[in-house]
Amino acid sequence: MKSMHALKAAGLVLVAILLAMLTVQGSYALWNKAVSSNAGTVKAADFRISLTDTDTNRVTDMTLANGTAATLSLSTAPAGLIIPGQSTYSGVRVGNVTDAGGVFTVRASTGVPIVENNTGASLAPYLFIKTVAATSLSQCSQSAIYAGAPTSGTATSDIAKNGTGVFCFQFTLAATMPASLSGQSAKIAVPILVNQL
């Protein structure tokens, strides 16, 4: 019987110790401290690419506010006229003006130039376009930079955040162009695609 009393007493002491431990553990919450925090603002970075033409230095965003692609009309030098057997030049500066944090390099690439004849004109077979990447728009009028470029080829430029790249274009009219096409015009489109690296 004594051992039964001793066993019950030991059990009560054990329950008391467990309750004491649980009570202490429960008071851990009193040591925590609550700190209020004001709500912050989260803003998505933009993927903003600017285009600047050779002559006017007019800057246009590559994507318009409504989400459509911009079209940039380039003027050529000299005077936009091409004499058979000679060339004229133009260019565009592409800027990586994103507000994204960290490293944000993009690759700008030109597509194959597209020549569209105006009504009644058929200059396309006599018009040759070369595209090269350059470091400044002033290089676009220097015929030497087009020396190794293929006709109707493409060019690529990797542009770091807040940096720029330049694409230069040489337009040449074949010396064999028939005199009957004199004074005719054509529309040339060079697509530019930009992807984040």
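Structure: above.
Here the residue index of a chain counts from 1 through its sequence in written order. For a predicted model such as this one, the threshold for reporting local features is a pLDDT of at least 70, and the threshold for listing and counting side-chain atom pairs is 80 or more; totals across whole chains, interfaces and linings nevertheless cover every residue. Each side-chain value is derived from all of the structure's non-hydrogen atoms; neither hydrogens nor water enter the calculation.

Q: Describe the overall build of the protein chain, and please don't skip the residues or the numbers.
A: Secondary structure summary: the protein chain contains 1 helix and 10 strands in total. Only DSSP runs of H or I with at least four residues qualify as helices, and only runs of E with at least two residues qualify as strands; both kinds are numbered from the N terminus onward. Along the protein chain, helices and strands appear, N-terminal first, in the series α-β-β-β-β-β-β-β-β-β-β. Accessible area is worked out with a 1.4 Å probe on protein chains only. A residue is then buried under 20% of its type maximum, exposed over 50%, and partly exposed in between. Buried positions account for 28% of the 197 residues belonging to the protein chain. In this description, accessible areas are obtained by the Shrake-Rupley approach with a 1.4 Å probe, and a residue is regarded as covered only by the protein chains that are shown. For the protein chain, the exposed area adds up to about 12700 Å²; of that, 59% sits on carbon and sulfur atoms.

Q: Which residues make up the pattern of salt bridges, and what values do they have?
A: Just to be clear on terms, a salt bridge is a Lys or Arg side-chain nitrogen sitting within 4 Å of an Asp or Glu carboxyl oxygen. For the structure on display, the rule yields 2 salt bridges. Residue Asp-61 is joined to Arg-48 by a salt bridge in which the shortest nitrogen-to-oxygen separation is 3.0 Å. Of the two residues, Asp-61 sits in strand E2 (residues 59–61) while Arg-48 sits in the loop between helix H1 (2–26) and strand E1 (49–53), which places them 13 residues apart along the sequence. On the accessibility criterion, Asp-61 (27% relative accessible area) is partly exposed. Owing to a relative accessible area of 34%, Arg-48 belongs among the partly exposed residues under this scheme. The closest approach of N and O atoms between Arg-107 and Asp-158, which form a salt bridge, is 2.6 Å. Separated by 51 residues along the polypeptide, Arg-107 in strand E4 (residues 106–110) and Asp-158 in strand E7 (residues 156–159) bring together distant segments of the chain. Given the relative accessible area of 35%, Arg-107 is considered partly exposed.

Q: Describe the sheet that holds strand E3 (residues 87–96), naming the residues involved and giving the relevant values.
A: Spatial strand order, E2-E1-E3-E8-E6: 5 strands in an open sheet with antiparallel pairing. Single-partner strands in this sheet number two, and they are E2 and strand E6 (127–134). If you compare each strand with its neighbour and ignore which way they point, the axes differ by 25 degrees on average. Here, a strand pair is defined by DSSP locating no fewer than two bridges between the strands. Structural elements are reduced to axes, namely lines fitted to C-alpha atoms, with helices fitted over the stretch in contact, and the angle between N-to-C directions of any two is expressed from 0 to 180 degrees.

Q: Any details on the sheet that holds E7? Residues and values, ideally.
A: Here 3 strands make up an open sheet; going across it, the order is E7-E4-E10 and the pairing antiparallel. Where the open sheet ends on each side, the last strands, each with one partner, are E7 and strand E10 (192–196). Ignoring strand direction, the axes of neighbouring strands in this sheet form an average angle of 20 degrees. With 5 bridges connecting them, E4 and E10 associate as antiparallel partners. Among the inter-strand pairings, Val-106 is bridged to a residue of E10, identified as Gln-196.

Q: Pulling in residues and values, what's your account of the side chain of Thr-60?
A: Mapped onto the elements of the fold, Thr-60 is located in strand E2. Apart from residues no more than four positions distant in its own chain, Thr-60 is found in contact with Ile-49, Ser-50, Leu-51, Ala-70 and Leu-72. Contacts are assigned to residue pairs with any non-hydrogen atoms lying within 4.5 Å of each other.

Q: Which residues make up unusual backbone geometry, and what values do they have?
A: We note that Ser-152 has phi near 60 degrees; this positive angle belongs to a residue other than glycine. One can find Ser-152 in the loop between E6 and E7. Phi is positive for Asn-162, which is not a glycine, with a value near 65 degrees. Secondary-structure assignment places Asn-162 in the loop between E7 and strand E8 (164–173). On the basis of relative accessible area, Asn-162 is assigned to the exposed category, the value being 62%.

Q: An account of the nonpolar core is requested, with residue identities and associated values reported.
A: Soluble globular proteins: nonpolar side chains tend toward being buried together. Throughout this description, the term nonpolar core refers to a set of buried Ala, Val, Leu, Ile, Met, Phe, Trp, Tyr and Cys residues connected via side-chain atoms within 4.5 Å. With 18 residues, the main nonpolar core has Val-92, Val-94, Phe-167 and Val-194 as its most contacted residues. Per-element accounting of this core gives the leading share, 3 residues, to E8. Leaving out residues up to four positions away in the same chain, Val-94 has contacts with Ile-49, Ser-50, Leu-51, Ala-108, Ile-159, Gly-163, Thr-164, Gly-165 and Phe-167. By size, the runner-up hydrophobic cluster in this structure holds 9 residues, among which are Tyr-89, Tyr-146, Val-166 and Cys-168.

Q: Outline the pairing of E3, supporting the account with residue identities and numerical values.
A: Summarising burial for E3: 8 of the 10 residues are buried, a large majority. With 5 bridges connecting them, E1 and E3 associate as antiparallel partners. When the bridges of E3 are listed, Asp-53 appears paired with Val-92. Summarising the sheet, E3 and E8 pair through 9 bridges and their orientation is antiparallel. Each residue of the ladder has a partner; that of Ser-87, found in E8, is Thr-172.

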